[in-house]
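# Secondary and tertiary structure notes
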Amino acid sequence: MYFTDRGIEELVERRGDESVSVEWLGERLRDFVDLNPEFETPIERFATWLARLDDEDD
């Protein structure tokens, strides 16, 4: 188990029944980077990965 699994498990437990829009998620990611600029690169990579999930070429 990765260390991040704990945070993912907490997210699923607390908000697993909610539906959110991609727009809402984008705003929360921007808020997070504003508060934690040292995470700009990993958040950028994560957002790009999510955006391209359905691309067959990647």
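Summary of the structure given here. (Residues numbered from 1 in each chain as written. Predicted model: local features only at pLDDT ≥ 70, side-chain atom pairs only at ≥ 80, totals over all residues. Heavy atoms only, no water.)

### Here's the deal with the layout of surface pockets
- Of the voids in this model, the largest pocket is the one considered here, and its volume is about 510 Å³.
- The wall of the largest pocket is formed by L11, R15, E18, V20, V22, W24, L25, R28, L29, F32, F46 and L50.
- Those elements that provide at least two residues to the lining of the largest pocket are α1 (4-15), α2 (22-35) and α3 (40-51).
- At six residues, the largest contribution of residues to the lining of the largest pocket is made by α2.
- Partitioned by chemical class, the residues of the lining of the largest pocket number nine nonpolar, no polar and three charged. (1 Å grid on protein atoms, 1.4 Å probe; cavity = no way out; pocket = protein on both sides within 12 Å on 5 of 7 lines; lining within 4 Å. Points joined across faces, edges and corners; volume = space filled by probe spheres on them. Helix = DSSP H or I, 4+ residues; strand = E, 2+ residues; numbered from the N terminus. Nonpolar A, V, L, I, M, F, W, Y, C, P; charged D, E, K, R; others polar.)

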